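An overview of the molecular structure
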Amino acid sequence: MLERLMPTADGFHDDFDAQCATTLAGARLFHELLSDYRDVPARVEALERMEHQGNSVNHLALQRLHSAFIAPFERTHIHALLSRIDEVLDFTLAAALRLRFYEIPASLPEATHLSRLLVALTEKLREAVRALRSLRHPEPILSGCRELKLLAREAKEVLRAGKGQLFKSGADHLTVLKWKEIYDAITSAVFKCREAADVIEGIVLTYA
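Residues numbered from 1 in each chain as written. Predicted model: local features only at pLDDT ≥ 70, side-chain atom pairs only at ≥ 80, totals over all residues. Heavy atoms only, no water.

Right, let's talk about the overall build of the protein chain for a bit. Scanning the protein chain from terminus to terminus reveals six helices and zero strands. Based on the C-alpha atoms only, the size of the protein chain along its principal axes is roughly 65 × 30 × 25 Å. Taken over 208 residues, the protein chain has a buried fraction of 47%. Restricting the contact set of the protein chain to residue pairs at least 6 apart, pairs at least 24 apart contribute 86%. In the structure as shown, the protein chain presents an accessible area of about 10,500 Å², 55% of it carried by carbon and sulfur atoms. Counting 27 positive and 29 negative side-chain charges, the protein chain places the averaged centre of each group 3 Å from the other. (Helix = DSSP H or I, 4+ residues; strand = E, 2+ residues; numbered from the N terminus. Buried < 20%, exposed > 50% of the residue type's maximum accessible area, 1.4 Å probe, protein only. Contact = heavy atoms within 4.5 Å. Areas by Shrake-Rupley, 256 points an atom, 1.4 Å probe, with all protein chains shown as cover. Lys, Arg positive; Asp, Glu negative; His and termini not counted. Charge placed at Lys NZ, Arg CZ, Asp CG, Glu CD.)

Put into structure tokens, the structure is as follows:
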């Protein structure tokens, strides 16, 4: 009986994989934009489409959560992890939208560095989430979470340097405020990656 129900549980892992894939793709689009700053409206629109795709994946996953008889681990953990992954993409898009709305003329080195770290973070997040399929082998999962947190710490330092450089640059107050909002959105995306790592660690400590 249990074996017949297990494919339903496996479906949650497929949902996680799909959500991580769209989030990683969105982070890569954002990094490509900041690394090669041109065609901003069209490239932000591409990121918007990716975010809509992520929303669809999240919606289907939550439907599964509410209808499935069996789940691979606690439903609150599943909901929390899906939400954190989804929010990473939400805040990535928020940063990109500000680039377009505020008509930012050029990227900044620290912002580009942060976007590269965001790609690395979402790659690590995808690896850790995939590893949840093998909860009997917790160490690779926990190791991935530690690496993710180190990247988040590095991103925090880059953010501090970026804000410091921004305030020392002599830019006008409006430009400073615009970039502060962009940095804050990127920071939120990074923080959601770290929160996702906390959820994953909680799953491992509970079930491994």
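Its 28 residues place the ends of helix α2 (residues 40-67) 41 Å apart at the C-alpha level, agreeing with the 40 Å of an ideal helix rising 1.5 Å per residue. By the burial criterion, the buried members of α2 are Val40, Val44, Leu47, Met50, Glu51, Gly54, Val57, Asn58, Ala61, Leu62 and Leu65. (Expected span 1.5 Å × (residues − 1).)

Here we come to the layout of surface pockets. One number sums up the size of the second largest pocket: a volume of about 240 Å³. As for the second largest pocket, its lining consists of Leu114, Lys149, Ala152, Arg153, Ala155, Lys156, Leu159, Ile186, Thr187, Val190, Phe191 and Arg194. Among the secondary structure elements, those contributing two or more residues to the lining of the second largest pocket are α5 (138-168) and α6 (173-207). Among the residues forming the lining of the second largest pocket, the class breakdown is seven nonpolar, one polar and four charged. (1 Å grid on protein atoms, 1.4 Å probe; cavity = no way out; pocket = protein on both sides within 12 Å on 5 of 7 lines; lining within 4 Å. Points joined across faces, edges and corners; volume = space filled by probe spheres on them. Nonpolar A, V, L, I, M, F, W, Y, C, P; charged D, E, K, R; others polar.)

With that settled, the discussion passes to unusual backbone geometry. Non-glycine residue Asp39 carries a positive phi angle of around 50°. Secondary-structure assignment places Asp39 in the loop between α1 (2-35) and α2. Note on Asp39: relative accessible area 48%, which makes it partly exposed. Unlike most non-glycine residues, Glu103 shows phi in positive territory, near 50°. Checked against the element boundaries, Glu103 lands in the loop between α3 (75-101) and α4 (109-131).

For the structure on display, the rule yields one aromatic pair. Arranged with centres 5.7 Å apart and planes meeting at 45°, the rings of Trp179 and Tyr183 form a pair that is tilted. With Trp179 and Tyr183 both in helix α6 and four residues apart, this pair spans about one turn of that helix. Just as Trp179 is buried, Tyr183 falls in that class too. One Lys or Arg, Arg64, reaches over the ring of Phe12 and ends 6.0 Å from the middle of that ring. (Phe/Tyr/Trp six-rings, centres within 6.5 Å; stacked < 30°, edge-to-face > 60°. Lys NZ or Arg CZ within 6 Å of the ring centre and 35° of its normal.)

Attention now goes to the environment of Asp198. With respect to the helices and strands, the residue Asp198 is situated in helix α6. By relative accessible area, Asp198 is classed as partly exposed at 34%. Along the backbone, Asp198 and Asp172 are 26 residues apart, and their C-alpha atoms lie at a distance of 39 Å.

In this section: the side chain of His31. Mapped onto the elements, His31 comes out in helix α1. Contacts of His31, omitting those with residues within four sequence positions, involve Thr112, Ser115, Arg116 and Val119.

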